[in-house]
Amino acid sequence: MRVTIWNEYRHEKIHAEIAALYPDGMHAAIKNGLADHGITNVGTATLDEPEHGLTDEVLEATDVMLWWGHMAHHEVDDGIVDKVQKRVLEGMGLIVLHSGHFSKIFRKLMGTSCSLRWREASERERIWVVRPGHPIAQGLPPYFEIPQCEMYGELFDIPQPDELVFVSWFEGGNVFRSGCCFHRGNGKIFYFRPGHETFPIYTQPEIHRVLANAVQWATPVAGPAYPYSQKGSTRPVAINEREALEPIGAASDERVRVG
């Protein structure tokens with residue numbers, strides 16, 4: 001399994017208080033958290049690298065990608081977004097973090113505005129596990145808390161999740177669907193809400209556990225060759241609709257008459 005963490009990596013360079021929390025970038029903190037759970041084949045890529053660090057070679061080798069962006073969604077090249085979408089349809093897992101809800105790739109895969117309510121008031125968040133048997137919830141208590149965070153609230157304009165794993169309650173009274181699973185093509189997508197850059201959320205053990213579980217859940221599995229399953233193809237795999245699986249008798253060509 002090969003994991004790539006994509007981080008916009010702008011806030012850490014611009015704001016001293018954020019650099020103090022994440023001196024090597026949020027991607028480094030996430031990478032360290034995954035390593036604590038035995039996930040060590042992890043690379044990183046950032047916005048200002050050539051091709052945003054997402055070359056064809058990197059994308060081809062990536063089984064699961066984590067995506068964090070915020071202030072520069074508009075700077076992400078549309079051609080790179082198309083390549084990432086194609087890899088998801090082929091089977092690459094995608095974990096979208098916090099403000100990545102407004103990223104080009106998430107909105108493209110969801111087909112909606114992905115807008116929401118928000119409030120930055122350093123309030124407490126309680127994250128409830130609403131599907132305790134789900135692999136992403138493995139090893140977690142019934143709920144855990146983030147002492148200070150930015151609030152995200154409903155309505156969250158996304159399609160109905162295939163599975164809802166977490167729901168958040170905030171000190172100010174709002175609630176939010178904070179752990180949402182989707183399937184697109186052959187790929188799995190998980191949106192996870194926590195991760196505002198001004199708080200040390202990516203150093204919290206429970207967050208590390210969720211991300212490690214999500215990586216395992218989103219990892220591609222071997223299966224039959226369905227459309228989008230061929231790497232390197234720019235269009236869906238052709239299926240010959242004229243090929244019958246069973247012999248077709250002459251009677252099947254007769255029209256059914258009534259009366």
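Everything discussed here concerns the structure shown above.
Keep in mind that what you see is a predicted model, and the values were worked out from it rather than measured.

### With respect to the pattern of salt bridges
Applying the stated criterion across every chain yields a total of 14 salt bridges. In this structure, the salt-bridge partner of Glu-90 is Arg-87, at a minimum N-O distance of 3.0 Å. Here the residue Glu-90 and the residue Arg-87 both occupy positions in helix α5 (residues 78-90), the gap between them amounting to three residues, near one helical turn. Arg-87 carries the same exposure label as Glu-90, and that label is buried. Note that Arg-124 is salt-bridged to Glu-145, the shortest N-O span being 3.1 Å. Remark: Glu-145 occurs in strand β6 (residues 143-153) and Arg-124 occurs in strand β5 (residues 117-129); sequence separation between them is 21 residues. For Glu-145, a relative accessible area of 28% translates into the label partly exposed.

### Remarks on the environment of Leu-47
Mapped onto the fold, Leu-47 is located in the loop between β2 (42-46) and α4 (56-61). Assessed through its relative accessible area of 3%, Leu-47 is described here as buried. Spatially, the C-alpha atom of Leu-47 lies 6.8 Å from that of Tyr-9, the residues being 38 residues apart in sequence. Apart from the residues lying within four places of it in its own chain, the contact partners of Leu-47 are Trp-6, Asn-7, Glu-8, Arg-10, His-52, Ala-72, Glu-75 and Val-76.

### As for the pairing of strand β3 (residues 64-68)
Counted residue by residue, β3 has five buried out of five residues, so it is predominantly covered. Of the two faces of β3, the one carrying Val-64, Leu-66 and Trp-68 and the one carrying Met-65 and Trp-67 are both buried. Direction of pairing for β3 relative to strand β4 (residues 93-97): parallel, over a ladder of five bridges. The residue of β4 that forms the bridge with Trp-68 is Leu-97.

### Let's talk about the packing of helix α3 (residues 26-35) against helix α7 (residues 205-218)
It is the contact of α3 with α7, at a shortest axis distance of 9 Å, that shows an interaxial angle of 75°. It follows that α3 is roughly perpendicular to α7 by the angle criterion. Where α3 approaches α7, its residues Ala-29, Ile-30, Gly-33 and Leu-34 are matched on the opposing element by His-208, Leu-211, Ala-212 and Val-215.

### Notes on α5
Between its terminal C-alpha atoms α5 stretches 18 Å, which fits the 18 Å expected from 13 residues at 1.5 Å a residue. Residues of α5 that are buried include every one of Ile-80, Val-81, Val-84, Arg-87, Val-88, Leu-89 and Glu-90, and no others. Where α5 is buried, its residues meet α4, β3, β4, α6 (104-110), β8 (175-184) and β9 (187-192). Residue Asp-77 occupies the N-cap position of α5, its side-chain oxygen lying 2.8 Å from the main-chain nitrogen of Gly-79.

### Quick notes on the side chain of His-134
Counting through the fold element by element, His-134 comes out in the loop between β5 and β6. A polar side-chain atom of His-134 sits 3.1 Å from a polar atom in the side chain of Glu-163. With residues near it in sequence (within four places) discarded, His-134 still touches Glu-163, Val-165, Cys-181 and Trp-217.

### So, a nonpolar patch on the surface
A contiguous nonpolar patch, built from Trp-128, Val-130 and Tyr-143 and spanning about 280 Å² of accessible area, is present on the exposed surface. Relative to the assigned elements, Trp-128 resides in strand β5. By relative accessible area, which is 38% here, Trp-128 ends up partly exposed.

### Focus: the packing of aromatic side chains
Following the criterion strictly, the structure yields 12 aromatic pairs and no others. Centre to centre, the rings of Tyr-22 and Tyr-202 are 6.5 Å apart; their planes meet at 55°, and the pair counts as tilted. Pair noted here: Tyr-22 is in the loop between α2 (16-21) and α3 and Tyr-202 is in the loop between β9 and α7, with a separation of 180 residues, a long-range link. Take Tyr-202: its relative accessible area is 1%, and that puts it in the buried class. With 6.4 Å between their ring centres and 65° between their planes, Phe-166 and Phe-190 make a pair best called edge-to-face. Pair noted here: Phe-166 is in strand β7 (residues 163-170) and Phe-190 is in strand β9, with a separation of 24 residues, a long-range link. For Phe-166, a relative accessible area of 0% corresponds to the buried category. Of the residues examined, Phe-190 reaches a relative accessible area of 0% and is grouped as buried. Connected via pairs of aromatic rings, a cluster forms that spans Phe-106, Tyr-152, Phe-156, Phe-176, Phe-182 and Tyr-191. We note Arg-126 situated over the ring of Tyr-143; from NZ or CZ to the ring centre the distance is 5.4 Å. Geometry around Tyr-152 places Arg-193 over its ring, the cationic atom sitting 5.2 Å from the centre.

Definitions and limits used
Residues numbered from 1 in each chain as written. Predicted model: local features only at pLDDT ≥ 70, side-chain atom pairs only at ≥ 80, totals over all residues. Heavy atoms only, no water. Salt bridge = Lys/Arg side-chain N within 4 Å of Asp/Glu carboxyl O. Helix = DSSP H or I, 4+ residues; strand = E, 2+ residues; numbered from the N terminus. Buried < 20%, exposed > 50% of the residue type's maximum accessible area, 1.4 Å probe, protein only. Contact = heavy atoms within 4.5 Å. Pairing = 2+ DSSP bridges. Axes fitted to C-alpha atoms, helices over the stretch in contact; angles between N-to-C directions. Parallel < 35°, antiparallel > 145°, perpendicular 65-115°, else oblique. Expected span 1.5 Å × (residues − 1). Polar contact = N/O pair within 3.5 Å; in protein donor to acceptor, adjacent residues only side chain to side chain. Patch = residues over 30% accessible without salt bridge, like charges linked within 9 Å, V, L, I, M, F, W, Y side chains within 5 Å. Areas by Shrake-Rupley, 256 points an atom, 1.4 Å probe, with all protein chains shown as cover. Phe/Tyr/Trp six-rings, centres within 6.5 Å; stacked < 30°, edge-to-face > 60°. Lys NZ or Arg CZ within 6 Å of the ring centre and 35° of its normal.

These results come straight from atomic positions and should not be treated as a statement about function.
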